Structures are given as C-alpha cells and as structure tokens.
Amino acid sequence: MGSVELFGWFSYRIIVPAVLVTAAFLRISLVSLLWLIFFLAAPCLPKFSKKNWTEHTSLRVYILLLLVASSLVCCGHVVYFSLELTEHIEVTNNTLCSNTTQLLMNIGFQTVHPSIVPNILDRLRLIMPDFIVFFTSAVTTLLCYKAGVPTGAKYKQIRGKIDWLWRTTEPFMSSMFLFFAGAAAPSALSSIYFLSFLVMGTLWACGTRANKFAHLKIILLIYSGLHIILLYVYQFKDMFSTFPPSSFSMRLLGMVQYYNRNCSVKDGNIKDNPLHMEFTKDLVVTNYMFPFTLIALYSCLGLSARYLIKALGMRAGRQRLHQEVQPTVTMATSQPSSHRSPGQPLAEVAANPPAPFHRIIQSKPTTLIT
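Residues numbered from 1 in each chain as written. Predicted model: local features only at pLDDT ≥ 70, side-chain atom pairs only at ≥ 80, totals over all residues. Heavy atoms only, no water.

1. Points about the packing of aromatic side chains
For any two aromatic rings, the description comes down to two numbers: the centre-to-centre distance and the angle of the planes.
Next, step 1: Under the criterion given, the structure shown has 14 aromatic pairs.
Next, step 2: Between Phe-179 and Phe-180, the aromatic rings sit 5.6 Å apart at their centres with planes inclined by 65°, giving edge-to-face as the arrangement.
Next, step 3: Taking the relative accessible area as the measure of exposure, Phe-179 reaches 33% and is therefore partly exposed.
Next, step 4: Under the relative-accessibility criterion, Phe-180 is labelled partly exposed at 38%.
Next, step 5: Geometrically, the ring pair formed by Tyr-232 and Phe-236 is edge-to-face, given 6.4 Å between the ring centres and 80° between the ring planes. Per residue, the accessibility class of Tyr-232 equals that of Phe-236, and both read buried.
Next, step 6: Ring-pair connections join several aromatic residues into one group, and the members of that group are Phe-179, Phe-180, Phe-194 and Phe-197. (Phe/Tyr/Trp six-rings, centres within 6.5 Å; stacked < 30°, edge-to-face > 60°. Buried < 20%, exposed > 50% of the residue type's maximum accessible area, 1.4 Å probe, protein only.)

2. Some details on the pairing of strand β2 (residues 269–272)
If a strand is regular, its side chains alternate between the two faces of the sheet.
Next, step 1: Bridging between strand β1 (residues 264–266) and β2 involves 3 bridges; their strand directions are antiparallel. Bridge pairing in β2 places Lys-266 opposite Asn-269.
Next, step 2: Linking β1 back to β2 in an antiparallel pair, the connection comprises 2 residues, with Asp-267 at a positive phi of about 60°. (Pairing = 2+ DSSP bridges. Helix = DSSP H or I, 4+ residues; strand = E, 2+ residues; numbered from the N terminus.)

3. Overview of empty space enclosed by the protein
Next, step 1: Under the definition given, this model contains 4 cavities of 30 Å³ or more.
Next, step 2: If you trace the largest cavity, you find 15 residues lining it, with Arg-27, Ile-28, Arg-125, Arg-261 and Pro-274 closest to the centre.
Next, step 3: Taken together, the residues of the lining of the largest cavity sort by class into 8 nonpolar, 3 polar and 4 charged. (1 Å grid on protein atoms, 1.4 Å probe; cavity = no way out; pocket = protein on both sides within 12 Å on 5 of 7 lines; lining within 4 Å. Points joined across faces, edges and corners; volume = space filled by probe spheres on them. Nonpolar A, V, L, I, M, F, W, Y, C, P; charged D, E, K, R; others polar.)

4. Observations regarding the packing of helix α2 (residues 30–41) against helix α4 (residues 57–85)
Between two packed helices, both the angle of their axes relative to each other and the distance between the axes serve to describe the pair.
Next, step 1: Where α2 meets α4, the axes come as close as 12 Å, and the angle between the chain directions of the two elements is 165°. On the basis of the axis angle, α2 is roughly antiparallel to α4. Considering the relative orientation of α2 and α4, their crossing is left-handed. Across from Val-31, Leu-34, Trp-35, Phe-38 and Ala-41 in α2, the residues of α4 making contact are Tyr-62, Leu-65, Leu-66, Ala-69, Ser-70 and Val-73.
Next, step 2: Of the residues in the contact of α2 with α4, the class split is 10 nonpolar, 1 polar and no charged. (Axes fitted to C-alpha atoms, helices over the stretch in contact; angles between N-to-C directions. Parallel < 35°, antiparallel > 145°, perpendicular 65-115°, else oblique. Left-handed = near helix turned anticlockwise from the far one by under 90°. Contact = heavy atoms within 4.5 Å.)

5. Description of the pattern of salt bridges
Next, step 1: Scanning the model with the defined rule gives 2 salt bridges in all.
Next, step 2: Arg-27 serves as the salt-bridge partner of Asp-130, at 3.0 Å between the closest nitrogen and oxygen. You can see Asp-130 sitting in helix α6 (residues 120–147) and its partner Arg-27 sitting in the loop between α1 (3–26) and α2, a full 103 residues away along the chain. Just as Asp-130 is buried, Arg-27 falls in that class too.
Next, step 3: Linking Arg-125 and Asp-122 is a salt bridge whose minimum nitrogen-to-oxygen distance equals 3.5 Å. One end of the pair is Arg-125 and the other is Asp-122, both in helix α6 and 3 residues apart, which spans about a single turn.
Next, step 4: Residue classification places Arg-125 among the buried positions, given a relative accessible area of 11%. (Salt bridge = Lys/Arg side-chain N within 4 Å of Asp/Glu carboxyl O.)

6. Re the packing of helix α8 (residues 191–205) against helix α9 (residues 214–233)
Next, step 1: Between α8 and α9, the shortest axis-to-axis distance is 11 Å and the interhelical angle comes to 165°. If you check the angle between α8 and α9, you find them roughly antiparallel. Crossing hand, α8 versus α9: left-handed. Contacts between α8 and α9 involve Ile-192, Tyr-193, Ser-196 and Met-200 from the former and Leu-216, Lys-217, Leu-220, Tyr-223, Ser-224 and His-227 from the latter.
Next, step 2: In terms of residue class, the contact of α8 with α9 is built from 6 nonpolar, 3 polar and 1 charged.

7. Topic: the state of the cysteines
Next, step 1: Tallied over the full model, the rule gives 1 disulfide.
Next, step 2: At a sulfur-sulfur separation of 1.9 Å, the disulfide partner of Cys-97 is Cys-263. One disulfide, between Cys-97 and Cys-263, carries an S-S torsion of -85° and so falls in the left-handed class. Within this pair, whereas Cys-97 is found in the loop between α4 and α5 (99–107), its partner Cys-263 is found in the loop between α11 (248–253) and β1, the two being separated by 166 residues in sequence. (Disulfide = S-S within 2.5 Å.)

This is the structure:
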C-alpha cells in the first residue's frame, strides 16, 4: 500500500469527517447544519478510490455536492464582505440585534469587524471553517482520485487485517457507546439507547451472534442521526426561545441549550454578543459528554453499516439464486431416463444430444447482490 493511497484513505476517512463536524459545532447556522448532514453521510459511503468513483453513484453525488456547496458558501462570504466594504450592508452596535442581521447570522454570514467582534479567535471561528471545508474536500478528492485502486498481496493482507479487526471490535464498541448514550443524560429520547443496550447484551449473553443485530443497528443508525440533527436545531435562538430548556417537555426529551446566543444592546454598548462563543452556565459534565458520545455511536454504527448492508445483500442474493435454480433442478430431474421419443431416428438423437445436468443449471446465469 503506497504512501499516496494511505494518505488518501486517512484524509477521506479521518480528516474530512473531523473537519465537517468541527465546522458544524464551532458556529450555529444553517450552513453549519449542512456540514453536519455531510458528516452524517460520510461514514456510510464506500471507500474513495478511482474504481468506486466509477461504480458508486452515491460517492460521486456526495463529493460533488460537497465541493459545490463549499464553493457557493465561500463565494457567499466574499459577496457579503464586498457588500460590507461598499457600505451596502452596515452592521453597527445599534443594528446588531436587528431582524436582518439575525437572519444573516442564522444563515451563516456575519460581520467580523473588530468593533463588533473584538476577539480574533471569534473572527477566525466565524470565517475559516467554511474555507477549510472547501480546501479539505478539494484536496482529498484530488488525492483519492489520483491514488487509483491499490492492488497487490500486501495491500490485500493489510486490508483483510483491518476488516477483521473492525468486525471483531465493532460489537464491543457499539455496545459501549449505546450504554454511555443511554446513561450519560437520561431522557425519553436517550432511553432507546439504554433499552437497545439491554436487549443486545441479553441476547448476546444467551449465545446470539452479533451479526444477527443488523436490522436493529441500521434502525439505531437512522435514529441517532435524527437525534443529532434535532439536538443541533434546538441550539438556534428561535427554537430555545419558543421551547425553553427549563420546561417539562424539553427536560423530558433531553433538549439542552449549549450555546448562549442572546443579543442585547444598551446605550449603544453590546451587552450580550451572539457572535461571541459562550456556553450556557449551570451545565454538568454529562451534558457535555452526551453529544460526543452520540457522535461516536453514530460513527461506529455508520462504519459498520456498509458491512451490514453488504451482508444483507449477499443473503438476499443467495435466496434469489436458490429460487431461480430450484425450478431448473426440478425440471431437469423430472426428465425421463430415455431421451429418445417413440419413432425418433437414432441419428437425430446422436446429432442433438440433451444438455448435461450442470449445463442446464448454468444456462440461466444469476448475479449476486454485492
């Protein structure tokens, strides 16, 4: 396995998802929500290579949409800064909390003027993630496409060891993250994880093989992904203002406000700046652990989903093969032992002999679902 192939795999499987999830949580906006959705789709995709690029439509659609979306967002930042420099958009202390400014913030475009955002780390946090997403996706696509398809006995040996290691450790990791996701922040939504942990652990202890939980893991994958999106959408100011986190229904569902996005100006001075990253007070350690545990659970289930879907496809292919071969076998075994019909000349029988049994079965090819 060459250095280019290794770096391409590391970039596609590690760097791109890490950049996407970091860009999503550094700033709450619709653009960041888009990066979160791309992150949720990344673990379920096949390995990026030239061969998979031509064979898997989902891979081409994913990477092209990521490049197009990041390009448009970067162009949007350039247009916004141009309008701000030409004073077509003016953001001051008095207009920071206006509806137009708040709407642009929720989309993902905001000012970084030193008078509004004095902290240089806040300015970098608001702008750089989108450009890093574009740069990382472009470089990763180029590297993975140029890497081609790794071949050779050494690559197959390393790949086999990685697959075996993942299939061996994945049940333990999934069970562990299910327990932490259900116990870190108990709620009605997180109780699904704890109940799934009890069911899987009980069946596993009774001798049920781990590959029997394929459908349950796919359901948990979808459920945890929707849970992450719901928890992220709740961080918008309009959401936690309409549904306060102190209400009984929100506490029952486990909705937590992590970011303080209040905006207030008094006598021309900014009292609460929504562009400054500030976490909500009075949160315990388990509240901060829960999102990381949920993301780890989703990533673990997402990486194993490719093996689960492939196993289900192979099982369906075997069933289809059995259904197609069975009528042929029945027809072949029902033929009489003498292939000469009454009155048929021997010369005609010798010129057109019956097809052997194995050729009858092979006369109708079937394709396994891979």
